[in-house]
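For reference, the chains in residue letters:
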Amino acid sequence: MEQVESTLQEWLLGVDRPLKKVLLIPPDGTRGHSLAGPITSILYRLLQPAEVKVLPALGTHKPMTWEEKSRIFGPEIPPEAYIDHNWRTDVTKVGVVPGEFVREVSEGLVDYSIAVEVNRELVEGGYDLILSIGQVVPHEVVGMANYTKNIVVGCGGKEIIDRSHFLGAVYGMERMMGRDHSPVRKVFDYAEEHFLSSLPLAYILTVSKTRGEETSLMGLFVGRGRSVFEGAVALSQKENLDLLQEPLEKVVVYLDPSEFRSTWLGNKAVYRTRMAIADGGELIILAPGVSSFGEDAGIDRLIRAFGYQKRLDILRLVKESQELSENLSVAAHLIHGSSDGRFKITYAVQHLSEEEIKGVYFDYLPYQEAVAKYDPQKLRDGFNMVDGEKVFYVSNPALGLWALEKDFS
């Protein structure tokens, strides 16, 4: 990380104002391979003696524990430096994306306006510099993760989280994943241009690649303009797309228990492989740490109530259920997590019952039975032969996108 430190130091020297108070916005612990942890630690040190606060971009995720913060961002950042974002209570409205614009970018599929709320600390905290840190990688909601998403979703409020997620789900994640300029990204770009331009904001974007236990930084992009993001997108499309010649009949995905403890997060196994799975195929998700569906009690209850049904069924339920219509990010998540009847999704778990798993329309497999056959200690990323059967293994679904070459030609 020596080259990273010298690059950041040189960039900070070019900032044209005194830095007495700085806000760092890294991703939370669910993006451990972003290398944002050590970068945040480096920045905290380089920025001394300024007052430096750290606001992990939690979105709807659970707040990080002190142990997680210390492990990911380093023990030298004291507890009092952290601010925990609450997407329901800690936000202030900075503007509204007009319904006509949303209707245009969605090709008429939705026509609501979207209020843009961000954590009030960004607006009212009196910072000389706000640094958003994160990884650009294929993403199910926006096409390519990070850039303005880290601000308006990671530090955002309920309406933009709900309505942007639902916009993406209705438009179709397969049309967006691995691509820039999606309808959701256009909404975020509108927010950046119209509502965030006055903030002292800059982006530090990484592109990384993980092979086995080793994560390598492939590129570092620093600055404010959209060209910074576009450079990272181009590199991520080169490094993080795993394009295959033929559809996969059986896919096995492992979810690291330190990273994935709910299907809200664990369904990346579905999102990131679905474009590569054959009709009638099967996805087996080895999920030793998954013990809930939602990241909070309210979302968990809604997932249990409605389940991962087919897209048209969820769209019908949004019209019929006031509660679901008022929680569109949940509706979007349910659409994303369903195969729409195209392939079988089997969760192998330890902390949820067969009744609970089947209650949300997944198939169930006891974890020990699953790993006796599909041992993550023996499987290698890519194709494996297991008892004479060809199996495609993914050790971490958050690291890329698996799709067919013909869809990106």
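So, here's what we can say about the structure.

Conventions and cut-offs
- Residues numbered from 1 in each chain as written.
- Predicted model: local features only at pLDDT ≥ 70, side-chain atom pairs only at ≥ 80, totals over all residues.
- Heavy atoms only, no water.
- Helix = DSSP H or I, 4+ residues; strand = E, 2+ residues; numbered from the N terminus.
- Rg over C-alpha atoms; globule rule 2.2 N^0.38 Å.
- Contact = heavy atoms within 4.5 Å.
- Areas by Shrake-Rupley, 256 points an atom, 1.4 Å probe, with all protein chains shown as cover.
- Lys, Arg positive; Asp, Glu negative; His and termini not counted.
- Charge placed at Lys NZ, Arg CZ, Asp CG, Glu CD.
- Pairing = 2+ DSSP bridges.
- Axes fitted to C-alpha atoms, helices over the stretch in contact; angles between N-to-C directions.
- Salt bridge = Lys/Arg side-chain N within 4 Å of Asp/Glu carboxyl O.
- Buried < 20%, exposed > 50% of the residue type's maximum accessible area, 1.4 Å probe, protein only.
- Polar contact = N/O pair within 3.5 Å; in protein donor to acceptor, adjacent residues only side chain to side chain.
- 1 Å grid on protein atoms, 1.4 Å probe; cavity = no way out; pocket = protein on both sides within 12 Å on 5 of 7 lines; lining within 4 Å.
- Points joined across faces, edges and corners; volume = space filled by probe spheres on them.
- Nonpolar A, V, L, I, M, F, W, Y, C, P; charged D, E, K, R; others polar.
- Phe/Tyr/Trp six-rings, centres within 6.5 Å; stacked < 30°, edge-to-face > 60°.
- Lys NZ or Arg CZ within 6 Å of the ring centre and 35° of its normal.
- Core = buried A, V, L, I, M, F, W, Y, C linked by side-chain atoms within 4.5 Å.

A word on the overall build of the chain. Each helix and strand in the chain was counted, giving 17 helices and 17 strands. Computed over its C-alpha atoms, the radius of gyration of the chain comes to 21 Å, within 12% of the 22 Å expected for a compact globule of 409 residues. Here the C-alpha coordinates of the chain stretch approximately 65 × 45 × 40 Å along the principal axes. Taking contacts inside the chain between residues at least 6 apart in sequence as the whole, the part at least 24 apart equals 75%. As presented, the chain carries roughly 16500 Å² of accessible surface, and 47% of it is formed by carbon and sulfur atoms. With 44 positive and 58 negative side-chain charges, the chain shows a separation of 2 Å between the mean positions of the two kinds.

A word on the sheet that holds strand 13 (residues 344-349). Strand pairs in the sheet, formed through backbone hydrogen bonds, run parallel or antiparallel to each other. A sheet is described by the order of its strands in space; here six strands give the open sequence 14-13-12-11-16-15, paired in mixed fashion. Two strands in the sheet have a free side with no partner beyond their single neighbour: strand 14 (363-366) and strand 15 (382-386). When strand polarity is set aside, the average angle formed by the axes of neighbouring strands in this sheet is 30 degrees. Two strands pair when backbone bridges link them, and strand 11 (residues 248-254) and strand 12 (residues 277-287) are joined in this way by six bridges, in the parallel orientation. Residue K250 lies in a different strand from strand 12, and its bridge partner there is E282.

With that settled, the discussion passes to the pattern of salt bridges. Where charged atoms of side chains with opposite charge meet at close range, the side chains can pair. Going through the model one piece at a time under the given rule, you end up with 26 salt bridges. The salt bridge involving R45 is made with E5; its shortest N-O contact spans 2.8 Å. Remark: E5 occurs in helix 1 (residues 2-13) and R45 occurs in helix 2 (residues 36-46); sequence separation between them is 40 residues. Exposure remark for R45: the relative accessible area of 46% places this residue in the partly exposed category. Assessed through its relative accessible area of 21%, E5 is described here as partly exposed. With its nearest N and O atoms 3.5 Å apart, the salt bridge here joins E282 to K250. Taken together, the residues E282 in strand 12 and K250 in strand 11 connect sequence positions 32 residues apart.

Let us now look at the pairing of strand 5 (residues 129-135). The buried fraction of strand 5 is high, at seven of seven residues. The alternating pattern of strand 5 places L129, L131, I133 and Q135 on one face and I130, S132 and G134 on the opposite face, and all of these are buried. The pairing of strand 1 (residues 21-25) with strand 5 spans four bridges and is classified as parallel. Within the sheet, the bridge partner assigned to I25 lies in strand 5 and is S132.

As for its position among the elements, D90 is in the loop between helix 3 (66-73) and strand 3 (91-97). At 4.4 Å, R120 is the nearest oppositely charged side chain to D90, a buried residue that forms no salt bridge. One polar contact links D90 to T89, side chain to side chain, over a distance of 2.9 Å. D90 has contacts with D84, H85, V118, N119 and R120, leaving out every residue within four places of it along the chain.

Of the voids in this model, the largest pocket is the one considered here, and its volume is about 1200 Å³. Around the largest pocket, the lining comprises 45 residues; the ones closest to its centre are H33, T210, S395, N396 and L399. Among the elements of the structure, helix 3, strand 8 (201-211), strand 10 (241-244) and strand 16 (389-394) are those that each provide at least two residues to the lining of the largest pocket. With four residues, strand 8 is the largest single contributor of residues to the lining of the largest pocket. Tallied by class, the residues present in the lining of the largest pocket amount to 13 nonpolar, 17 polar and 15 charged. One number sums up the size of the second largest pocket: a volume of about 150 Å³. The wall of the second largest pocket is formed by L244, Q245, E246, P247, L248, E249, K250, F383, K390, V391 and F392.

Turning our attention to the packing of aromatic side chains. Throughout the structure, instances matching the rule amount to nine aromatic pairs. Here the aromatic rings of F101 and Y190 are separated by 4.8 Å at their centres, their planes lie at 45 degrees, and the arrangement is tilted. Within this pair, whereas F101 is found in helix 4 (residues 99-105), its partner Y190 is found in helix 8 (residues 183-195), the two being separated by 89 residues in sequence. The partly exposed category is assigned to F101, whose relative accessible area is 23%. Overall, the relative accessible area of 17% leaves Y190 in the buried class. Aromatic rings pair up to connect W66, F73 and Y82 into one cluster. Above the plane of the ring of Y127 lies K21, whose end atom (NZ or CZ) is 4.8 Å from the centre. Sitting over the face of the ring of F408, R179 holds its NZ or CZ atom 4.2 Å from the ring centroid.

Judged by nonpolar contacts, the single largest core of 103 residues is most densely connected at I25, L122, I151, V152, L255, I285 and I303. Among the elements that make up this core, the one with the highest residue count is helix 7 (residues 158-171) (seven residues). Residues within four places of I151 in sequence aside, it is in contact with I25, V118, L122, S132, G156, L196, L201 and Y203. Within the second largest apolar cluster, 26 residues are counted, among which are I72, F73, A81 and L131.

For the rest of this paragraph, the subject is the sheet that holds strand 2 (residues 51-54). One open sheet holds the five strands; their spatial order is 2-1-5-8-9, and the pairing between them is mixed. Edge positions in the open sheet fall to strand 2 and strand 9 (214-223), since each of these has one partner strand only. The mean inter-strand angle of the sheet, taken between neighbouring strand axes irrespective of direction, is 20 degrees. Sheet topology note: the strand 8/strand 9 ladder contains nine bridges and is antiparallel. Along strand 9, the bridge assignment pairs L205 with F221. The strands touched by helix 1 are strand 5, strand 8 and strand 9; relative to strand 9, the strand with the most contacts, the crossing angle is about 10 degrees. Where helix 9 (residues 226-239) meets the sheet, it contacts strand 8 and strand 9, and its direction lies at approximately 160 degrees from that of strand 9.

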